[in-house]
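Commentary on secondary and tertiary structure
Below are the chains, spelled out letter by letter.
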Amino acid sequence: MNSDIAHAEALFDAGEFQAAEAIFRAVLTQDPKELVAAKGVARTLDSQRRFDDSYEASEAASEIDPEDVICLISLGAAWLRRGDVEKSRQIFDAIRNFHPNYHSAHAMTLISMLYSDNVSDLEIIDAQKRWGQLQKPEPARVFDHYKGTKDPHRRLRIGFVSSDLYAHSVGYNLLPL
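Notes on the structure follow. Since this is a predicted model, take the numbers as computed values, not measurements. (Residues numbered from 1 in each chain as written. Predicted model: local features only at pLDDT ≥ 70, side-chain atom pairs only at ≥ 80, totals over all residues. Heavy atoms only, no water.)

**Some thoughts on the overall build of the protein chain**
Within the protein chain, the regular secondary structure consists of ten helices and zero strands. For the protein chain, the α and β elements follow one another from N to C terminus as α-α-α-α-α-α-α-α-α-α. Since a compact globule built from 177 residues should have a radius of gyration of about 16 Å, the 21 Å found for the protein chain marks it as more spread out than a globular shape. Each principal axis of the C-alpha distribution contributes one length, and for the protein chain these read about 70 × 40 × 35 Å. A buried classification covers 32% of the 177 residues belonging to the protein chain. For the protein chain, the proportion of contacts with a sequence separation of at least 24, taken over those separated by at least 6, is 43%. If you sum the accessible surface of the protein chain, you get close to 12300 Å²; carbon and sulfur atoms cover 53% of it. Considering the protein chain, the positive charge centre built from 20 side chains and the negative charge centre built from 27 side chains are found 10 Å apart. (Helix = DSSP H or I, 4+ residues; strand = E, 2+ residues; numbered from the N terminus. Rg over C-alpha atoms; globule rule 2.2 N^0.38 Å. Buried < 20%, exposed > 50% of the residue type's maximum accessible area, 1.4 Å probe, protein only. Contact = heavy atoms within 4.5 Å. Areas by Shrake-Rupley, 256 points an atom, 1.4 Å probe, with all protein chains shown as cover. Lys, Arg positive; Asp, Glu negative; His and termini not counted. Charge placed at Lys NZ, Arg CZ, Asp CG, Glu CD.)

**Focus: the packing of helix α5 (residues 69-81) against helix α7 (residues 103-115)**
Where α5 contacts α7, the two axes come as close as 11 Å, and the packing angle between them is 15°. Here α5 is positioned roughly parallel relative to α7, judged by the angle of their axes. Crossing geometry of α5 relative to α7 is assigned as left-handed. Listed contacts from α7 to Ile73, Ala77 and Leu80 of α5 are Ser104, Ala105, Met108, Ile111, Ser112 and Tyr115. Looking at side-chain class alone, the contact of α5 with α7 contains seven nonpolar, two polar and no charged residues. (Axes fitted to C-alpha atoms, helices over the stretch in contact; angles between N-to-C directions. Parallel < 35°, antiparallel > 145°, perpendicular 65-115°, else oblique. Left-handed = near helix turned anticlockwise from the far one by under 90°. Nonpolar A, V, L, I, M, F, W, Y, C, P; charged D, E, K, R; others polar.)

**Let's talk about the nonpolar core**
Grouped together as the largest cluster of nonpolar side chains are 18 residues, with contacts concentrated most on Ala20, Phe24, Leu28, Ala37, Val41 and Ala57. At the level of secondary structure, the elements contributing two or more residues to this core comprise α1 (2-13), α2 (17-30), α3 (35-47) and α4 (51-64). Among the elements that take part in this core, α3 stands out by supplying six residues, more than any other. With residues up to four places along the chain from it excluded, the contact list for Phe24 reads Ile5, Ala8, Glu9, Val36, Ala37, Gly40, Val41, Arg43 and Thr44. Counting residues in each nonpolar core, the second largest holds 15 residues, with Leu75, Ala77, Phe92 and Met108 among its members. (Core = buried A, V, L, I, M, F, W, Y, C linked by side-chain atoms within 4.5 Å.)

**Examining the layout of surface pockets**
Quantified by volume, the largest pocket comes out at close to 260 Å³. Elements with a contribution of two residues or more to the lining of the largest pocket: α3, α4 and α5. At six residues, α5 tops the list of elements feeding residues into the lining of the largest pocket. (1 Å grid on protein atoms, 1.4 Å probe; cavity = no way out; pocket = protein on both sides within 12 Å on 5 of 7 lines; lining within 4 Å. Points joined across faces, edges and corners; volume = space filled by probe spheres on them.)

That is the geometry; function is a separate question.
Structure representation (structure tokens):
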């Protein structure tokens with residue numbers, strides 16, 4: 001069964017979502033409690049933008065292991081896509097309570113707060129500050145490798161690092177620079 005899951009993962013990585021889904025589902029018919037296959041089904045459906053089906057698959061996966069963080073993140077994201085911001089926030093808050101340093105839960109909480117009508121601007125600012133504290137590197141390690149000159153006439157080099165800068169409005173605005 002592990003070889004089937006590995007094959008499905010390889011197909012998923014290659015963008016063959018329907019084929020991966022079929023294999024994950026076949027594994028689930030053999031073992032309905034196979035968590036990796038259940039999460040794989042949810043992920044493949046999500047990648048195919050079949051969000052209602054992905055929601056149902058995420059719920060099924062979370063029933064196998066109600067404390068699995070990946071299942072809960074998928075379920076919270078599915079609730080958010082379905083428009084139930086408060087339900088998604090409850091899930092992300094629960095994850096943060098169990099795993100306070102799990103960064104994805106904090107990020108998803110912030111996203112859900114931005115869509116919520118029941119959250120004040122001050123609550124959002126406080127949550128953003130807490131998120132910033134989690135992300136803040138230790139100052140001693142940030143620039144310890146810098147060996148540049150302090151010449152005020154030197155050429156200044158600036159680098160931008162982002163996981164989605166290539167497909168983001170900020171990235172498009174930086175192109176002319």
